[in-house]
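Geometric and topological summary
This is what each chain is made of:
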Amino acid sequence: YGGMGLDFSYNIAVAEELGNIRCGGITMAIGVQAGMATPALTRFGSHELKKQFLIPTIAGDFVACLGISEAGAGSDVANIKTTAVRKGDEYVINGGKMWITSGSQADWMCLLANTSEGPPHRNKSLICLPMNLPGIHVAKKIDKLGMRSSDTTQIFFEDVRVPCKNLIGEEGKGFTYQMLQFQEERLWGVATALTPMETIIRETVDYTRQRKVFGQPVLHNQTVHFRLAELATEVELLRSLLHRAVALYVEGNDVTKFASMAKLKAGRLTREVTDSCLQFWGGMGFTNEVLVSRFYRDLRLMSIGGGTDETMLSIICKYMDTLPRK
């Protein structure tokens, strides 16, 4: 379908390199296109759906978005309220989605909606939804703390009709498909954070070497250079966890626990690195003229998007019985 057919480890290599972009919103947009809106279609979609949506998305002719979160259901995916009711050979969609990256420019959405009134984990389906259909209302771009270049919108659906053939895989399997996709999304997110953290630490070393306070460079304070050494060590530890999880995943293993651990650690470490380094920049760190202040805002999303820190902790707790027992 136009892709290179490489395994997931190559996605992670690309994600780490994309971290060299000095703007989190661009990397996130690429991640949505390549690793969030398309994996379920790639795995479970029909040949016809792949020809219609996947080929132009891989080619870059279509922009894709992922429609999961709602105003009252972010990390709690099972609680979404948007419905897709089958009427003849069409689904009629009503509801809305929130925090949709690339929402105002997307050509199609990978939409998760309730297609029956059964149990919340078995009543959802994924649907390829063209964004030019009547009844789709895209609200204005959301004004955010960080990722400010990212096109993030709220979208409403009012009696939107889409052919039933646009269903991805089986009806009622949408929640399961989405949970599988989340593991790749979370590993991708971790990978994109590594290079920015390294960049921030390196630039902070350079700045504190030049900046003098009380007659000597800030870096010459043992507290400062020890702290930067600790942060650099933590980043390398996170990279090792990520690469272990990816290696296991490529071999076909369930890496839900390790992906959740890595996502949790990345969310907390990005906050720790950006906050500590910004402090060493002093007043300059509080301006919009330096990279550390931008990443202080952009990387704050890591603890929220794609599953909050608290959600990651809940998942990890479910796997605690797999830990070695004394």
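Per chain, the residues get numbers from 1 upward, laid out in the order the sequence is written. In keeping with the predicted nature of the model, local features appear solely for residues at pLDDT of at least 70, side-chain atom pairs appear and are counted solely at 80 or more, and the whole-chain, interface and lining totals rest on all residues. The side-chain figures draw on all heavy atoms in the structure; neither hydrogens nor water molecules are used.

An unreviewed UniProt entry lists the chain under the name IVD dehydrogenase, from Aegithalos caudatus. Per its UniProt entry, the chain bears the Cofactor (unreviewed entry) comment "FAD". What UniProt states about the chain under its Pathway (unreviewed entry) heading is, verbatim, "Lipid metabolism; mitochondrial fatty acid beta-oxidation." UniProt positions are given in the numbering used here, feature names are shortened, and annotations may be inferred rather than shown by experiment.

Below, the discussion takes up the overall build of the chain. Every helix listed is a DSSP run of H or I at least four residues long, and every strand listed is a run of E at least two residues long, numbered separately from the N terminus. Broken down by element type, the chain carries nine helices and 10 strands. The size measure is the radius of gyration over C-alpha atoms, and the globule rule it meets is 2.2 Å times the number of residues to the 0.38 power. A compact globule built from 326 residues would reach a C-alpha radius of gyration of about 20 Å, and the chain, at 21 Å, matches this within 12%. Its C-alpha atoms give the chain principal-axis dimensions of roughly 80 × 55 × 35 Å. Looking at the chain residue by residue over its 326 residues, the buried ones come to 50%. Put simply, of all contacts in the chain between residues at least 6 apart along the chain, 74% involve residues at least 24 apart. Split by element, the accessible area of the chain, about 15900 Å² in all, is 55% carbon and sulfur. A 1.4 Å probe rolled over the protein chains alone gives each residue an accessible area, and that area as a share of the maximum for its type sets the label: buried under 20%, exposed over 50%, partly exposed in between. We call two residues in contact when some of their heavy atoms are within 4.5 Å. The Shrake-Rupley method, run with a 1.4 Å probe sphere, supplies the accessible areas, and residue values consider only the shown protein chains as cover.

On to the packing of aromatic side chains, then. Note on aromatic contacts: the rings of Phe and Tyr and the six-membered ring of Trp form a pair at centre separations within 6.5 Å, being stacked when their planes are under 30 degrees apart, edge-to-face when over 60 apart, and tilted otherwise. All chains considered together, the criterion is met by four aromatic pairs. Judged by centre distance (3.9 Å) and plane angle (15°), the rings of Phe 44 and Tyr 177 are stacked. One end of the pair, Phe 44, is in helix H3 (residues 39-44); the other, Tyr 177, is in helix H5 (residues 174-210), and 133 residues separate them in sequence. Relative to Trp 108, the ring of Phe 53 has its centre 5.3 Å away and its plane inclined at 50°; by these criteria the two rings are tilted. Separated by 55 residues along the polypeptide, Phe 53 in helix H4 (residues 47-59) and Trp 108 in strand E4 (residues 108-114) bring together distant segments of the chain. Its relative accessible area of 0% is what places Trp 108 among the buried residues.

A contiguous nonpolar patch, built from Tyr 1, Ile 55 and Ile 58 and spanning about 260 Å² of accessible area, is present on the exposed surface. Along the polypeptide, Ile 58 turns up in helix H4. Two joining distances apply to patches: 9 Å for like charges and 5 Å for nonpolar side chains (Val, Leu, Ile, Met, Phe, Trp, Tyr), and every residue must have over 30% relative accessible area and no salt bridge. In the sections that follow, a salt bridge refers to a side-chain nitrogen of Lys or Arg positioned within 4 Å of a carboxyl oxygen of Asp or Glu.

Turning next to the packing of helix H7 (residues 256-280) against helix H8 (residues 291-298). Taken N-terminus to C-terminus, the directions of H7 and H8 make an angle of 150°; their axes are 9 Å apart at the nearest point. By the angle class used here, H7 and H8 are roughly antiparallel. Two packed elements cross with a definite hand, and for H7 against H8 that hand is left-handed. Seen from H7, the contacting residues are Thr 274, Asp 275, Cys 277 and Leu 278; seen from H8, they are Val 292, Ser 293, Phe 295 and Tyr 296. Any residue that is not Ala, Val, Leu, Ile, Met, Phe, Trp, Tyr, Cys, Pro, Asp, Glu, Lys or Arg is counted as polar, Gly included; the first ten are nonpolar and the last four charged. Split by residue class, the contact of H7 with H8 holds five nonpolar, two polar and one charged. Simply put, an axis is a line fit to the C-alpha atoms, just over the touching stretch for a helix, and the angle between two N-to-C directions goes from 0 to 180 degrees. Any angle from 65 to 115 degrees is called roughly perpendicular, while one under 35 is roughly parallel, one over 145 is roughly antiparallel, and all others are oblique. Left-handed is the label given to a crossing in which the near helix is rotated counterclockwise from the far helix by less than a right angle, and right-handed is the label when the rotation is clockwise.

Time to look at the domain arrangement of the chain. On domain assignment, one finds that the chain holds domain 1 (26-170) and domain 2 (176-320). Here the bounds of each domain stem from an automatic or database domain assignment. Distance between the C-alpha centres of domain 1 and domain 2: 29 Å. At the junction of the two partners, domain 1 supplies 22 residues and domain 2 supplies 18 residues. The quantity reported as buried area is the accessible area (1.4 Å probe) lost by two parts once they are put together, taken as the sum for both. Of the roughly 1700 Å² buried at the junction of domain 1 and domain 2 (both faces included), carbon and sulfur atoms supply 66%.

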